[in-house]
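Take a look at the letters that make up each chain.
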Amino acid sequence: MRGNEARLSAFAALRTRVLLVLAGFMVLLALAGWFAFNHIVEQTALRVGALVAERQVQYDRYRGLETLRREVALAKTLARAPNIIAWAKDEYDPTARERGIAELEHYRAAFDDESAFLVVDESGNYYFNDSQNSYADDPFQYTVRSDNPRDGWYFTTRSRREGCYLNVDHDDVLGVTKVWINCIVSHEGQVLGIVGTGLDLSEFIRDVVDIPQPGIQSMFVDASGAVQAHRDASMVDFHSLTKDIAQKNMVFSLFDTPSDMAALRAMMAATADPEDGPSVQTAYLSIDGKPMLVGVGYLGEIGWYNVTVMDVDTIVDKRLFLPIGVLLAALMGVAALAMAYIFKAMVLDRLERVEAGLTAVRDGKRVQFSPDPRNDEIGRLSRALADMCNAVTDSEIGLERQIKERTEELESLVNRDALTGILNRRGFGQAFEIMRARAYGDSWTYGVLLVDIDHFKPVNDTEGHLVGDQVIVEVARRLSSAVRRTDICARWGGDEFLIVIGNCDAERLDKIAAAIIEMMRSVPVALDDGRHVDVTVSIGTAIIKPDDTIDSATAMADAALYQAKAQGRDCAVAFSADLAAAG
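Let us look at the structure shown here. None of these values were measured; they are calculated from a predicted model.

Some details on the environment of Gly198
Here's step 1: Residue placement: Gly198 occurs in strand β6 (residues 190–200).
Here's step 2: A sequence separation of 81 residues divides Gly198 from Phe117, and the C-alpha atoms of the two residues are 8.9 Å apart.
Here's step 3: With near-sequence residues (within four places) excluded, Gly198 lies in contact with Asp113, Ser115, Lys178, Val179 and Trp180.

Observations concerning the sheet that holds strand β9 (residues 280–287)
To summarise the sheet geometry, strands pair through backbone hydrogen bonds and adopt either a parallel or an antiparallel arrangement.
Here's step 1: The antiparallel open sheet is built from 5 strands, whose spatial order is β8-β7-β11-β10-β9. Of all strands in the sheet, those with a lone pairing partner are β8 (227–229) and β9, marking the two edges. The sheet shows a mean angle of 35 degrees between the axes of neighbouring strands, taken without regard to direction.
Here's step 2: In this sheet, strand β10 (residues 290–299) lies alongside β9 in antiparallel orientation, the contact comprising 8 bridges. Paired with Tyr284 across the bridge in β10 is Leu293.

Examining unusual backbone geometry
Here's step 1: Even without a glycine there, the phi angle at Glu188 is positive, about 55 degrees.
Here's step 2: Residue position: Glu188 is located in the loop between β5 (176–187) and β6.
Here's step 3: The exposed category is assigned to Glu188, whose relative accessible area is 74%.
Here's step 4: The phi angle at Asp570 is positive, at roughly 55 degrees, despite the residue not being glycine.
Here's step 5: Its place among the elements puts Asp570 in the loop between α15 (550–566) and β18 (572–574).
Here's step 6: Given the relative accessible area of 25%, Asp570 is considered partly exposed.

Here we look at the nonpolar core
Here's step 1: Ranked by internal contacts, the top residues of the largest apolar core, which has 33 residues, are Ile84 and Val195.
Here's step 2: Going through the elements one at a time, α1 (2–80), α2 (82–89), α3 (94–110), β1 (116–120), β4 (164–171), β5 and β6 are the ones with two or more residues in this core.
Here's step 3: If you tally residues by element for this core, the top one is α1, at 6 residues.
Here's step 4: Among all residues touching Ile84, those that are not within four sequence positions of it are Leu78, Gly100, Glu103, Leu104, Leu118, Val185 and Val195.
Here's step 5: Counting 30 residues, the second largest nonpolar core, distinct from the first, contains Ile422, Val451, Ala513 and Ile517.

Points about the pairing of strand β14 (residues 496–501)
Here's step 1: Of all 6 residues making up β14, 6 are buried, and the element is well covered by its neighbours.
Here's step 2: Here β14 shows two buried faces, one formed by Glu496, Leu498 and Val500 and the other by Phe497, Ile499 and Ile501.
Here's step 3: Alignment of strand β12 (residues 446–453) against β14, held across 6 bridges, turns out to be antiparallel. By the bridge assignment for β14, Leu449 is matched with Ile499.
Here's step 4: Bridge analysis of strand β13 (residues 488–493) against β14 gives 5 bridges, and the strand direction is antiparallel. Across the sheet, the residue bridging to Cys489 is Ile499, located in β14.
Here's step 5: Counting the residues in the hairpin turn of β13 and β14 gives 2 residues, including Gly494, whose phi is positive at 60 degrees.

Let's talk about the sheet that holds β12
Here's step 1: Spatially, 5 strands are ordered β13-β14-β12-β17-β18 in an open sheet, and the strand pairing comes out mixed. Where the open sheet ends on each side, the last strands, each with one partner, are β13 and β18. Between one strand axis and the next, the sheet turns by 20 degrees as a mean value, whatever way the strands run.
Here's step 2: In this sheet, strand β17 (residues 537–544) lies alongside β12 in antiparallel orientation, the contact comprising 8 bridges. Note on β17: the bridge partner recorded for Val451 is Ile539.

So, the side chain of Thr420
Here's step 1: The topology assignment puts Thr420 in the loop between α10 (377–415) and α11 (425–437).
Here's step 2: Separated by 2.7 Å, the side chains of Thr420 and Asp417 make a polar contact.
Here's step 3: Ignoring anything within four residues of it in the chain, the contact list for Thr420 reads Ile472, Val473, Ala476 and Arg491.

Cut-off values and rules
- All chains use their own residue numbering, which begins from 1 and follows the written sequence.
- Only residues with pLDDT of 70 or above have their local features reported here, since the model is predicted, and side-chain atom pairs are shown and tallied only from 80 upward, although totals for entire chains, interfaces and linings are computed over all residues.
- Excluding hydrogens and water, the side-chain values take into account all heavy atoms of the structure.
- Only DSSP runs of H or I covering at least 4 residues are called helices, and only runs of E covering at least 2 are called strands; the numbering of each starts at the N terminus.
- Whether two residues touch is decided by their heavy atoms; if any such pair falls within 4.5 Å, the residues are in contact.
- For two strands to be treated as a pair, DSSP must find at least two bridges joining them.
- For helices, the axis comes from a line fit to the C-alpha atoms of the stretch in contact; other axes are also lines fit to C-alpha atoms, and the angle between any two N-to-C directions lies between 0 and 180 degrees.
- A simple rule labels every residue: compare its accessible area, found with a 1.4 Å probe on the protein chains alone, to the largest value its type can have, and call it buried under 20%, exposed over 50%, or partly exposed in between.
- Working definition of a nonpolar core: buried Ala, Val, Leu, Ile, Met, Phe, Trp, Tyr and Cys residues. They are joined through side-chain atoms within 4.5 Å.
- Contacts described as polar in this section are N or O atom pairs within 3.5 Å, which, within protein, must combine one atom able to donate a hydrogen with one able to accept it, while residues neighboring in sequence count only if both atoms come from side chains.

So, in structure tokens, the structure goes:
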């Protein structure tokens, strides 16, 4: 009896010890698993947060550029407009003033804000009109002075001598607060003034910055770190062009330590110089004692940076990972070796595939994130992350497509004549190089026609510029319709047009020139008011070789055109060695 009790007692003690050892092992294994699980959760959250931060910065940068890119491009074009340059050079000439104001009004209607201004450097006179056309009768507002601190923006911008610069400012005279786009007007190295427009700051903040996104705060700062756009208006640094650094509202003041501030400066420098790193920089910095994920991107066209601050705990809800913890707890009942194998097979390997998918999306690979097909916690998490990453990728592709379309639109504005829609000089140069590159050998020759509208100045002087514009548009239409799609037709300047015919000999070129003269002579130009204007043209032609330059080609055609005018106009003259000797 006593032996049985002893054996039972020993059995009970052994079982207890085994249970205790197993329990202890399970506790150790559970602790190891817990720490491993938390590490995986934290790393996944950090990687997802970094991925979202990079995409968010790119998205914020696109929104900022999309709003300002077109306005800056239009302002640059306005600063190069011949009528604006002529007015700034001779402010009080009635004709130059009339044309300059008309040009300014034309661009004002194209700006989103429908406002535009010009400061003439010689006098300091400030001309402005707004979307209500309040100053149509007299756009003159006031005169900027170097001894007036409120006019410091002009003299600071002028000292840079070229380019366009943005400034958030409140104009006390006009009573408006805007993001001002200031483009320097210059001619042959001389600063003639500044033109530009403005965007309403409150609308810019509403459309670009103040978009409700939990856990995400976006802002725009200039190169010095002064805040230019923020959902909190008190954070915006007005008049930043004329302030000392100590007086500015700087983005660096948001961060807790000097090392965080230095890190942000380094991120800004790296994004501004693509050779030093990627176009988007992310890092964890401390704000109010809490680590925040900060992303920085550079908006090179306008010289601003977009700074995005993200609370990862808000963006990535770690409760999504709770089912994985439950799954791990269930696996703890399995033997140690089996548990290790199952843990690796069912958790770590699958999470690694999720991480690999996230890494592929982060690296910009054009592959869809492949979710885990199983219907468990990791599978649901994987699908949730896959949906998010695929949506981010689709959004990025859409943004890239829109940016490409916008770029093509801007290139069209640069290469096309605004009045006629045909190529301008810049566009002609590119088209001519493409045509020569496609030539079939050095034996090809090209026909060049320099077409000039006869007696065009009297038409402008007697009938007005609107009629003159109608004549130019109609002549451009006829010329472009008279050549093949593979040929080039461009407005060379004023009332001159340049045509290049590919694979053309002298006989064919003479026929084309004669046909153009007859086409112009036989059909008067119909005006919008029902009248008709007789139009003739003079043409100088030349045959050139593939290695001839644009300058040499136009010089030959111009010499022939001069001879055509000397012969009484309404005719065509071909360039010859005699003309070259006479020239």
